[in-house]
Amino acid sequence: MLNDKKVSYSGIQPSGNLTIGNYLGALKNFSEYSEKYKTFYCVVDEHAITVRQVPAELRKRTYETLALYLACGLDPEQNCLYVQSHVPAHAELAWILNCYTMFGELSRMTQFKDKSAKHANNVNAGLFTYPVLMAADILLYQTDVVPVGIDQKQHVELARDIAVRFNGVYSDTFTVPEPIISKTGKKIMSLAEPTKKMSKSDENANAVVYILDDKDTVIRKFKRAVTDSDTEIKYAEGKDGINNLMTIYSCFTGKEFDEIEREFAGKGYGEFKLAVGETCADCLAPVREEFNRLLKDKAYLETVMKNGAAEAAYYANKTLSKVRRKVGFVNL
Ligand code: TYM
(Lines give C-alpha, C1' and ligand atoms only; values in the text may rest on other atoms or scores of the structure.)
Protein backbone atom coordinates (compact mmCIF):
# COMPACT_ATOMS: atom_id res chain seq x y z
CA MET A 1 0.00 0.00 0.00
CA LEU A 2 1.11 3.55 -0.72
CA ASN A 3 -1.01 6.53 0.32
CA ASP A 4 -3.95 4.20 1.08
CA LYS A 5 -3.90 2.68 -2.39
CA LYS A 6 -2.85 -0.82 -3.31
CA VAL A 7 0.17 -0.96 -5.60
CA SER A 8 0.49 -2.67 -8.98
CA TYR A 9 4.04 -3.12 -10.31
CA SER A 10 5.40 -4.75 -13.44
CA GLY A 11 8.28 -4.52 -15.86
CA ILE A 12 9.32 -5.49 -19.37
CA GLN A 13 12.86 -5.98 -20.66
CA PRO A 14 13.89 -3.84 -23.63
CA SER A 15 15.80 -6.83 -24.95
CA GLY A 16 14.03 -7.33 -28.27
CA ASN A 17 10.95 -6.35 -30.21
CA LEU A 18 7.91 -6.96 -28.04
CA THR A 19 5.59 -9.78 -29.09
CA ILE A 20 1.86 -10.38 -28.80
CA GLY A 21 2.86 -12.70 -25.92
CA ASN A 22 4.19 -9.67 -24.00
CA TYR A 23 1.09 -7.76 -25.03
CA LEU A 24 -1.58 -10.33 -24.12
CA GLY A 25 0.22 -11.75 -21.08
CA ALA A 26 1.19 -8.42 -19.52
CA LEU A 27 1.10 -5.03 -21.24
CA LYS A 28 -2.57 -5.06 -22.31
CA ASN A 29 -3.56 -5.78 -18.69
CA PHE A 30 -1.49 -3.03 -17.05
CA SER A 31 -4.08 -0.29 -17.59
CA GLU A 32 -6.74 -2.30 -15.71
CA TYR A 33 -5.07 -1.19 -12.48
CA SER A 34 -4.55 2.47 -13.32
CA GLU A 35 -7.59 3.80 -11.53
CA LYS A 36 -7.84 1.82 -8.34
CA TYR A 37 -4.14 1.16 -7.75
CA LYS A 38 -0.98 3.19 -7.50
CA THR A 39 0.82 1.80 -10.55
CA PHE A 40 4.49 1.54 -11.48
CA TYR A 41 5.52 0.16 -14.87
CA CYS A 42 9.21 -0.06 -15.50
CA VAL A 43 11.46 -0.60 -18.52
CA VAL A 44 13.95 -2.99 -16.95
CA ASP A 45 17.16 -2.21 -18.80
CA GLU A 46 19.37 -3.58 -15.99
CA HIS A 47 17.77 -6.99 -16.44
CA ALA A 48 18.43 -6.86 -20.17
CA ILE A 49 22.24 -6.80 -19.80
CA THR A 50 22.27 -10.27 -18.22
CA VAL A 51 22.41 -11.31 -21.89
CA ARG A 52 24.83 -9.46 -24.22
CA GLN A 53 23.17 -6.48 -25.90
CA VAL A 54 24.36 -4.16 -28.65
CA PRO A 55 24.51 -0.85 -26.70
CA ALA A 56 22.90 1.33 -29.41
CA GLU A 57 20.12 -1.23 -29.83
CA LEU A 58 19.47 -1.39 -26.09
CA ARG A 59 19.21 2.40 -25.93
CA LYS A 60 16.82 2.47 -28.90
CA ARG A 61 14.65 -0.29 -27.45
CA THR A 62 14.45 1.48 -24.11
CA TYR A 63 12.78 4.46 -25.82
CA GLU A 64 10.62 2.08 -27.86
CA THR A 65 9.43 0.09 -24.86
CA LEU A 66 8.45 3.29 -23.06
CA ALA A 67 6.66 4.48 -26.22
CA LEU A 68 4.77 1.17 -26.30
CA TYR A 69 3.64 1.60 -22.70
CA LEU A 70 2.21 4.96 -23.69
CA ALA A 71 0.77 3.69 -26.99
CA CYS A 72 -1.05 0.92 -25.08
CA GLY A 73 -2.93 3.60 -23.19
CA LEU A 74 -0.88 4.09 -20.03
CA ASP A 75 -1.25 7.77 -19.17
CA PRO A 76 1.95 9.03 -17.49
CA GLU A 77 -0.13 11.32 -15.27
CA GLN A 78 -1.87 8.27 -13.84
CA ASN A 79 0.90 5.65 -13.98
CA CYS A 80 4.52 6.01 -12.94
CA LEU A 81 6.43 4.99 -16.09
CA TYR A 82 10.20 4.91 -15.78
CA VAL A 83 13.48 3.23 -16.67
CA GLN A 84 15.09 0.96 -14.06
CA SER A 85 18.68 2.25 -14.37
CA HIS A 86 17.44 5.80 -13.66
CA VAL A 87 16.60 4.75 -10.10
CA PRO A 88 19.80 3.53 -8.39
CA ALA A 89 17.83 2.16 -5.41
CA HIS A 90 17.05 -0.96 -7.48
CA ALA A 91 20.67 -2.02 -7.74
CA GLU A 92 21.33 -1.10 -4.11
CA LEU A 93 18.42 -3.08 -2.69
CA ALA A 94 19.29 -5.99 -4.99
CA TRP A 95 22.72 -6.22 -3.33
CA ILE A 96 21.19 -6.25 0.14
CA LEU A 97 18.58 -8.85 -0.83
CA ASN A 98 21.31 -11.03 -2.36
CA CYS A 99 22.41 -11.59 1.21
CA TYR A 100 18.93 -12.88 2.12
CA THR A 101 18.51 -15.21 -0.86
CA MET A 102 19.85 -18.74 -0.90
CA PHE A 103 22.05 -20.21 -3.60
CA GLY A 104 19.74 -23.25 -3.72
CA GLU A 105 16.68 -21.07 -4.34
CA LEU A 106 18.32 -19.36 -7.29
CA SER A 107 19.55 -22.69 -8.67
CA ARG A 108 15.96 -23.88 -8.91
CA MET A 109 14.80 -21.01 -11.15
CA THR A 110 13.71 -22.52 -14.46
CA GLN A 111 14.47 -19.35 -16.42
CA PHE A 112 18.07 -19.46 -15.20
CA LYS A 113 18.36 -23.08 -16.30
CA ASP A 114 16.87 -22.28 -19.74
CA LYS A 115 18.91 -19.13 -20.31
CA SER A 116 22.18 -20.61 -19.13
CA ALA A 117 21.69 -23.50 -21.55
CA LYS A 118 20.91 -21.04 -24.36
CA HIS A 119 23.83 -18.69 -23.59
CA ALA A 120 26.33 -21.33 -22.46
CA ASN A 121 29.31 -19.07 -23.19
CA ASN A 122 27.99 -16.27 -20.95
CA VAL A 123 26.59 -17.78 -17.76
CA ASN A 124 27.36 -14.65 -15.76
CA ALA A 125 26.56 -13.97 -12.10
CA GLY A 126 23.91 -11.43 -13.12
CA LEU A 127 21.97 -14.12 -14.97
CA PHE A 128 22.01 -16.16 -11.77
CA THR A 129 20.99 -13.33 -9.41
CA TYR A 130 18.48 -11.82 -11.87
CA PRO A 131 15.48 -12.88 -9.72
CA VAL A 132 16.93 -10.94 -6.77
CA LEU A 133 17.00 -7.74 -8.83
CA MET A 134 13.41 -8.49 -9.83
CA ALA A 135 12.50 -8.96 -6.15
CA ALA A 136 14.14 -5.58 -5.40
CA ASP A 137 12.06 -3.96 -8.20
CA ILE A 138 8.86 -5.28 -6.69
CA LEU A 139 9.62 -4.85 -2.99
CA LEU A 140 10.90 -1.26 -3.24
CA TYR A 141 7.38 -0.05 -4.00
CA GLN A 142 5.45 -2.00 -1.31
CA THR A 143 3.75 -3.81 -4.18
CA ASP A 144 0.52 -5.73 -3.67
CA VAL A 145 0.00 -7.17 -7.17
CA VAL A 146 2.33 -8.03 -10.04
CA PRO A 147 0.57 -8.60 -13.38
CA VAL A 148 2.76 -11.00 -15.40
CA GLY A 149 2.67 -13.97 -17.75
CA ILE A 150 3.00 -17.42 -16.22
CA ASP A 151 6.74 -17.65 -16.99
CA GLN A 152 7.40 -14.98 -14.33
CA LYS A 153 5.31 -16.64 -11.60
CA GLN A 154 8.28 -18.47 -10.08
CA HIS A 155 10.23 -15.20 -9.82
CA VAL A 156 7.35 -13.40 -8.08
CA GLU A 157 7.04 -16.32 -5.67
CA LEU A 158 10.72 -15.96 -4.84
CA ALA A 159 10.16 -12.23 -4.21
CA ARG A 160 7.42 -13.27 -1.76
CA ASP A 161 9.75 -15.70 0.00
CA ILE A 162 12.48 -13.06 0.30
CA ALA A 163 9.98 -10.52 1.69
CA VAL A 164 8.65 -12.98 4.26
CA ARG A 165 12.18 -13.95 5.29
CA PHE A 166 13.35 -10.34 5.67
CA ASN A 167 10.18 -9.35 7.55
CA GLY A 168 10.69 -12.34 9.84
CA VAL A 169 14.23 -11.28 10.73
CA TYR A 170 13.65 -7.52 11.09
CA SER A 171 9.86 -7.00 11.59
CA ASP A 172 7.48 -5.80 8.87
CA THR A 173 9.39 -3.99 6.14
CA PHE A 174 8.00 -5.18 2.82
CA THR A 175 4.48 -5.83 1.56
CA VAL A 176 4.27 -9.45 0.41
CA PRO A 177 3.30 -9.31 -3.31
CA GLU A 178 0.89 -11.54 -5.27
CA PRO A 179 1.41 -12.49 -8.90
CA ILE A 180 -1.66 -11.76 -11.07
CA ILE A 181 -1.78 -14.05 -14.07
CA SER A 182 -4.38 -13.47 -16.74
CA LYS A 183 -6.66 -16.45 -17.34
CA THR A 184 -6.34 -16.69 -21.12
CA GLY A 185 -3.22 -14.80 -22.19
CA LYS A 186 -0.83 -16.21 -19.58
CA LYS A 187 1.22 -18.20 -22.07
CA ILE A 188 1.01 -17.43 -25.77
CA MET A 189 2.84 -20.09 -27.75
CA SER A 190 5.11 -19.93 -30.80
CA LEU A 191 3.26 -20.08 -34.13
CA ALA A 192 5.92 -22.43 -35.54
CA GLU A 193 6.31 -24.72 -32.52
CA PRO A 194 3.12 -24.41 -30.47
CA THR A 195 4.50 -26.40 -27.54
CA LYS A 196 7.07 -23.63 -26.96
CA LYS A 197 6.45 -20.16 -25.49
CA MET A 198 6.37 -17.29 -27.98
CA SER A 199 9.56 -15.40 -27.19
CA LYS A 200 11.04 -12.11 -28.39
CA SER A 201 14.42 -13.82 -28.70
CA ASP A 202 13.18 -16.54 -31.09
CA GLU A 203 15.38 -16.65 -34.19
CA ASN A 204 12.53 -17.79 -36.43
CA ALA A 205 10.62 -14.57 -37.24
CA ASN A 206 7.62 -16.59 -38.46
CA ALA A 207 7.19 -18.09 -35.00
CA VAL A 208 6.59 -14.70 -33.44
CA VAL A 209 4.08 -11.91 -34.07
CA TYR A 210 5.49 -8.57 -32.99
CA ILE A 211 3.22 -5.84 -31.67
CA LEU A 212 4.64 -3.55 -34.36
CA ASP A 213 4.30 -5.92 -37.34
CA ASP A 214 2.24 -4.42 -40.17
CA LYS A 215 -1.10 -5.92 -41.15
CA ASP A 216 0.21 -7.98 -44.10
CA THR A 217 3.02 -9.44 -42.02
CA VAL A 218 0.64 -10.36 -39.18
CA ILE A 219 -1.74 -12.10 -41.59
CA ARG A 220 1.08 -13.89 -43.41
CA LYS A 221 2.47 -15.23 -40.11
CA PHE A 222 -0.93 -16.49 -38.95
CA LYS A 223 -1.57 -18.13 -42.34
CA ARG A 224 1.67 -20.09 -41.87
CA ALA A 225 0.93 -21.07 -38.27
CA VAL A 226 1.52 -24.75 -37.56
CA THR A 227 -1.71 -26.65 -36.78
CA ASP A 228 -2.54 -30.37 -37.10
CA SER A 229 -3.99 -32.88 -39.52
CA ASP A 230 -7.48 -32.63 -38.04
CA THR A 231 -10.02 -30.18 -39.53
CA GLU A 232 -12.17 -29.15 -36.58
CA ILE A 233 -11.76 -25.82 -34.79
CA LYS A 234 -12.04 -27.12 -31.26
CA TYR A 235 -10.06 -26.58 -28.05
CA ALA A 236 -8.76 -30.04 -27.20
CA GLU A 237 -5.73 -31.94 -25.97
CA GLY A 238 -3.13 -32.57 -28.65
CA LYS A 239 -4.31 -29.61 -30.76
CA ASP A 240 -1.62 -27.21 -29.51
CA GLY A 241 -1.58 -25.03 -32.63
CA ILE A 242 -5.35 -24.58 -32.77
CA ASN A 243 -5.54 -24.11 -28.99
CA ASN A 244 -2.99 -21.32 -29.27
CA LEU A 245 -4.84 -19.61 -32.13
CA MET A 246 -8.11 -19.89 -30.20
CA THR A 247 -6.41 -18.40 -27.15
CA ILE A 248 -5.09 -15.45 -29.16
CA TYR A 249 -8.49 -14.91 -30.79
CA SER A 250 -10.20 -15.11 -27.40
CA CYS A 251 -7.80 -12.54 -25.88
CA PHE A 252 -8.41 -10.05 -28.66
CA THR A 253 -12.20 -10.51 -28.94
CA GLY A 254 -13.16 -11.45 -25.37
CA LYS A 255 -15.04 -14.47 -26.77
CA GLU A 256 -15.09 -17.76 -24.82
CA PHE A 257 -13.79 -20.96 -26.46
CA ASP A 258 -17.27 -22.50 -26.94
CA GLU A 259 -18.42 -19.33 -28.67
CA ILE A 260 -15.41 -19.49 -31.00
CA GLU A 261 -16.12 -23.16 -31.73
CA ARG A 262 -19.67 -22.26 -32.73
CA GLU A 263 -18.55 -19.31 -34.83
CA PHE A 264 -16.20 -21.51 -36.87
CA ALA A 265 -18.22 -24.73 -36.93
CA GLY A 266 -17.93 -26.30 -40.38
CA LYS A 267 -15.27 -23.82 -41.48
CA GLY A 268 -11.69 -24.75 -42.39
CA TYR A 269 -8.39 -23.94 -40.70
CA GLY A 270 -7.53 -21.49 -43.52
CA GLU A 271 -10.57 -19.34 -42.83
CA PHE A 272 -9.95 -19.44 -39.08
CA LYS A 273 -6.28 -18.46 -39.39
CA LEU A 274 -7.24 -15.52 -41.59
CA ALA A 275 -9.83 -14.36 -39.05
CA VAL A 276 -7.31 -14.55 -36.20
CA GLY A 277 -4.71 -12.67 -38.27
CA GLU A 278 -7.15 -9.92 -39.27
CA THR A 279 -8.48 -9.49 -35.74
CA CYS A 280 -4.99 -9.32 -34.27
CA ALA A 281 -3.79 -6.82 -36.90
CA ASP A 282 -6.88 -4.63 -36.47
CA CYS A 283 -6.54 -4.56 -32.68
CA LEU A 284 -2.85 -3.67 -32.91
CA ALA A 285 -3.21 -1.00 -35.63
CA PRO A 286 -4.04 1.88 -33.24
CA VAL A 287 -1.15 0.89 -30.95
CA ARG A 288 1.26 0.91 -33.89
CA GLU A 289 -0.01 4.26 -35.12
CA GLU A 290 0.34 5.90 -31.71
CA PHE A 291 3.76 4.29 -31.22
CA ASN A 292 5.03 5.76 -34.50
CA ARG A 293 3.76 9.20 -33.54
CA LEU A 294 5.34 9.05 -30.07
CA LEU A 295 8.67 7.76 -31.25
CA LYS A 296 9.22 10.93 -33.26
CA ASP A 297 8.99 12.97 -30.07
CA LYS A 298 12.11 11.96 -28.18
CA ALA A 299 11.97 15.06 -25.99
CA TYR A 300 8.53 14.05 -24.75
CA LEU A 301 9.68 10.49 -24.04
CA GLU A 302 12.60 11.87 -22.06
CA THR A 303 10.28 14.11 -20.06
CA VAL A 304 8.16 11.08 -19.18
CA MET A 305 11.31 9.16 -18.20
CA LYS A 306 12.59 12.02 -16.01
CA ASN A 307 9.30 12.62 -14.22
CA GLY A 308 8.77 8.88 -13.79
CA ALA A 309 12.26 8.36 -12.37
CA ALA A 310 11.85 11.24 -9.90
CA GLU A 311 8.55 9.87 -8.63
CA ALA A 312 9.78 6.27 -8.49
CA ALA A 313 12.96 7.33 -6.65
CA TYR A 314 10.89 9.13 -4.02
CA TYR A 315 9.01 5.93 -3.07
CA ALA A 316 11.98 3.61 -3.61
CA ASN A 317 14.26 5.65 -1.35
CA LYS A 318 11.72 5.57 1.46
CA THR A 319 11.80 1.77 1.47
CA LEU A 320 15.55 1.64 0.97
CA SER A 321 16.23 3.94 3.89
CA LYS A 322 14.04 1.73 6.11
CA VAL A 323 15.96 -1.35 4.94
CA ARG A 324 19.35 0.30 5.53
CA ARG A 325 18.34 1.16 9.08
CA LYS A 326 17.02 -2.33 9.79
CA VAL A 327 20.13 -4.14 8.60
CA GLY A 328 22.39 -1.85 10.64
CA PHE A 329 23.89 0.59 8.12
CA VAL A 330 24.69 4.10 9.33
CA ASN A 331 22.28 6.57 7.71
CA LEU A 332 23.86 10.04 7.61
P1 TYM B 1 9.87 -10.18 -20.11
O2 TYM B 1 10.49 -8.91 -20.57
O3 TYM B 1 10.48 -11.46 -20.59
O4 TYM B 1 8.36 -10.22 -20.47
C5 TYM B 1 7.49 -9.15 -20.12
C6 TYM B 1 6.15 -9.70 -19.72
O7 TYM B 1 5.57 -10.45 -20.81
C8 TYM B 1 5.17 -11.73 -20.34
N9 TYM B 1 5.34 -12.70 -21.44
C10 TYM B 1 4.37 -13.50 -21.89
N11 TYM B 1 3.09 -13.66 -21.51
C12 TYM B 1 2.35 -14.57 -22.20
N13 TYM B 1 2.82 -15.31 -23.23
C14 TYM B 1 4.11 -15.18 -23.64
N15 TYM B 1 4.56 -15.89 -24.67
C16 TYM B 1 4.94 -14.23 -22.96
N17 TYM B 1 6.23 -13.85 -23.12
C18 TYM B 1 6.46 -12.92 -22.17
C19 TYM B 1 6.11 -12.03 -19.18
O20 TYM B 1 5.56 -13.00 -18.32
C21 TYM B 1 6.21 -10.66 -18.52
O22 TYM B 1 5.12 -10.43 -17.66
N23 TYM B 1 11.72 -10.63 -15.47
C24 TYM B 1 10.70 -10.01 -16.28
C25 TYM B 1 10.74 -8.51 -16.22
C26 TYM B 1 10.72 -7.94 -14.87
C27 TYM B 1 9.60 -7.80 -14.01
C28 TYM B 1 10.07 -7.14 -12.86
C29 TYM B 1 8.26 -8.18 -14.15
C30 TYM B 1 11.79 -7.39 -14.22
N31 TYM B 1 11.39 -6.91 -13.02
C32 TYM B 1 9.23 -6.85 -11.79
C33 TYM B 1 7.42 -7.89 -13.04
C34 TYM B 1 7.89 -7.25 -11.91
C35 TYM B 1 10.87 -10.44 -17.73
O36 TYM B 1 11.93 -10.85 -18.14
O37 TYM B 1 9.80 -10.20 -18.52
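Higher on the page you've got the structure.
The following refers to the structure shown.

Parameters and conventions
- Residues numbered from 1 in each chain as written.
- Predicted model: local features only at pLDDT ≥ 70, side-chain atom pairs only at ≥ 80, totals over all residues.
- Heavy atoms only, no water.
- Near = heavy atom within 4 Å.
- Polar contact = N/O pair within 3.5 Å; in protein donor to acceptor, adjacent residues only side chain to side chain.
- Areas by Shrake-Rupley, 256 points an atom, 1.4 Å probe, with all protein chains shown as cover.
- Helix = DSSP H or I, 4+ residues; strand = E, 2+ residues; numbered from the N terminus.
- Nonpolar A, V, L, I, M, F, W, Y, C, P; charged D, E, K, R; others polar.
- Salt bridge = Lys/Arg side-chain N within 4 Å of Asp/Glu carboxyl O.
- Buried < 20%, exposed > 50% of the residue type's maximum accessible area, 1.4 Å probe, protein only.
- Contact = heavy atoms within 4.5 Å.
- Phe/Tyr/Trp six-rings, centres within 6.5 Å; stacked < 30°, edge-to-face > 60°.

A look at the site of the ligand
Taken together, 27 residues sit near the ligand, with Gln13, Tyr130, Asp137, Asp151 and Ile188 positioned nearest. In this structure, an oxygen atom belonging to the ligand sits 2.9 Å away from a main-chain N or O atom of Gly149. Within the side chain of Asp151, an N or O atom sits 2.4 Å from an oxygen atom of the ligand. Coverage of the ligand by the protein chains reaches 97% of its 710 Å² of free accessible surface. Secondary-structure elements contributing two or more residues to the shell around the ligand are strand 1 (7-12), helix 1 (20-30), helix 7 (125-140) and strand 4 (145-148). In terms of residue class, the shell around the ligand is made up of 11 nonpolar, 10 polar and six charged.

Some details on the pattern of salt bridges
Tallied over the full model, the rule gives 17 salt bridges. The shortest N-O distance in the salt bridge between Lys38 and Glu311 comes to 2.6 Å. Taken as a pair, Lys38 in strand 2 (residues 38-43) and Glu311 in helix 13 (residues 298-327) lie far apart in primary sequence, 273 residues in all. On the basis of relative accessibility, which here comes to 27%, the residue Glu311 falls in the partly exposed class. With a closest N to O distance of 2.8 Å, Glu105 and Arg165 form a salt bridge. Taken as a pair, Glu105 in helix 5 (residues 103-107) and Arg165 in helix 8 (residues 153-170) lie far apart in primary sequence, 60 residues in all. Owing to a relative accessible area of 28%, Arg165 belongs among the partly exposed residues under this scheme. One network of salt bridges, with partners in common, ties together Glu193, Lys196 and Asp202.

Focus: the environment of Tyr23
Of note, Tyr23 is situated in helix 1. A sequence separation of 93 residues divides Tyr23 from Ser116, and the C-alpha atoms of the two residues are 25 Å apart. Ignoring sequence-local partners within four residues, the contact set of Tyr23 consists of Lys28, Cys72, Ile211, Phe252, Leu284 and Val287.

Focus: the packing of aromatic side chains
For any pair of aromatic rings, the description consists of the separation of the ring centres together with the inter-plane angle of the planes. Inspection of the entire model under this criterion finds 20 aromatic pairs. Taking the centre distance of 5.9 Å and the plane angle of 70° together, the rings of Tyr100 and Tyr170 count as edge-to-face. You can see Tyr100 sitting in the loop between helix 4 (89-98) and helix 5 and its partner Tyr170 sitting in helix 8, a full 70 residues away along the chain. On the basis of relative accessible area, Tyr170 is assigned to the partly exposed category, the value being 21%. Ring centres 5.1 Å apart and planes at 55° place the aromatic pair Phe166 and Phe174 in the tilted group.

So far we have only geometry, and geometry alone does not tell us how the molecule works.
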